Amino acid sequence: MNITNNTILITGGGSGIGLEIAKLLNPSNKIIIVGRNKEKLDNAAQGLENVFTIQADITDENDINRLIEEIKINFGTLNILINNAGHAYAYTLSDSSDTYTKAIAEFTTNYFAPIRLTEKLLPLLKQQNNAAIVNVSSIVAFIPGSHVPTYSDSKAALHSYTRLLRYELAKDTGIKVFELMPPLVDTDFSVEIGGRENGIPASVVAEDLVKALEQDTFEVRVGNTEMVYSNFFAGSQGAFEVFNK
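Below: a short report on this structure. (Residues numbered from 1 in each chain as written. Predicted model: local features only at pLDDT ≥ 70, side-chain atom pairs only at ≥ 80, totals over all residues. Heavy atoms only, no water.)

Let's talk about the overall build of the protein chain
Here is the rule we go by: Going along the chain from the N terminus, every DSSP run of H or I of four or more residues is numbered as a helix, and every run of E of two or more is numbered as a strand. Our radius of gyration looks at C-alpha atoms and nothing else; its globule reference is 2.2 Å times the residue count to the power 0.38. Only protein chains enter the accessibility calculation, which uses a 1.4 Å probe. A residue is then buried if its area is under 20% of the maximum for its type, exposed if over 50%, and partly exposed in between. By definition, residues are in contact when any of their heavy atoms lie within 4.5 Å. Surface accessibility follows the Shrake-Rupley procedure with a 1.4 Å probe radius. Residue values consider only the protein chains on display as shielding. For this count, His and the chain ends are skipped, Lys and Arg are scored as positive, and Asp and Glu as negative. Lysine's charge is taken at NZ, arginine's at CZ, aspartate's at CG and glutamate's at CD.
Along the protein chain, the regular secondary structure elements total nine helices and nine strands. For a compact globule of 245 residues, the expected C-alpha radius of gyration is about 18 Å, and the protein chain comes in at 17 Å, within 12% of that figure. Scored against the burial criterion, the 245 residues of the protein chain give a buried share of 51%. Taking as baseline every contact in the protein chain between residues at least 6 positions apart, the subset at least 24 positions apart corresponds to 63%. Split by element, the accessible area of the protein chain, about 11500 Å² in all, is 51% carbon and sulfur. Taking the 20 positively charged and 29 negatively charged side chains of the protein chain as two groups, their mean positions are separated by 5 Å.

So, in structure tokens, the structure goes:
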């Protein structure tokens, strides 16, 4: 797909993978980065020519409705939605881990919020000739991590949703649906689970996504995610196609 002259919304765009994507796609596109912390967003946007900020909590429906209205009023259009914002707890399952509370928080940000935002933006995206949705999942969508159990669950759910969304939208729209699946990444988000010591740079993940957008590679399996997929899950696409005939 064409990766210039678009208007692109990136949730969780104030740091990490989201900010690196914004840097790579700027200044040949208009980039809207969204997050809860306005100061963090404004600092991230400094020095980036075509990056704009909107403070919004994507788990709050009122904020989502306001965000969409601001996009319509200030930009008039939207070509690409990148659902990047995430939330995770590092812990192990036990009878004292308060798993339910943690799971609710993670699913609210990682699964329910992208579904709601995507559904509300689909009418706008359908008006564009060059449109795409990118959902950022994880290697743990394939193999759950014992140190991030319910985060893994939420990313597996997002992976399933993304495959079905791609399948349905391909029937009667030109909207392309991508899934970015990084392994452990060195970001502030992953410090608690060893990302600083063992994670790959966020810039590498962003570079792989941009290449995938250019080449229409819909599943973007970065680094070790590709190894895991190739060795253990490569037959799943055939199974999906047979099951959904």
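Topic: the nonpolar core
Nonpolar side chains tend toward joint burial in soluble globular proteins. Basically, it comes down to this: Here, the term nonpolar core denotes a set of buried Ala, Val, Leu, Ile, Met, Phe, Trp, Tyr and Cys residues that are joined through side-chain atoms within 4.5 Å.
Grouped together as the largest cluster of nonpolar side chains are 33 residues, with contacts concentrated most on Ile21, Ile31, Ile33, Ile82, Leu180 and Leu209. Of all the elements in the fold, those that place two or more residues in this core are β1 (7–11), α1 (16–25), β2 (30–35), α2 (38–45), β4 (80–83), β5 (132–136), β6 (176–181) and α7 (202–215). Per-element tally for this core: the top contributor is α7, with seven residues. Leave out the neighbours within four places in its chain, and leucine 209 touches Ile21, Ile82, Val134, Leu180 and Val220. The next biggest cluster of nonpolar side chains, apart from the first, holds 31 residues, and it includes Ile54, Ala85, Leu117 and Leu121.

Here's the deal with the pairing of β6
Put simply, the test is: Two strands qualify as a pair provided DSSP detects at least 2 bridges between them. Look down the strands so they point away from you; if going from the first strand over the helix to the second traces a clockwise path, that crossover is right-handed.
The element β6 is extensively covered by neighbouring structure, given that five of its six residues are classed as buried. Of the strand pairs in this sheet, β5 and β6 are connected by five bridges, and their pairing is parallel. When the bridges of β6 are listed, valine 134 appears paired with phenylalanine 178. Read as a crossover between parallel neighbours, the route from β5 over helix α5 (residues 149–172) to β6 is right-handed.

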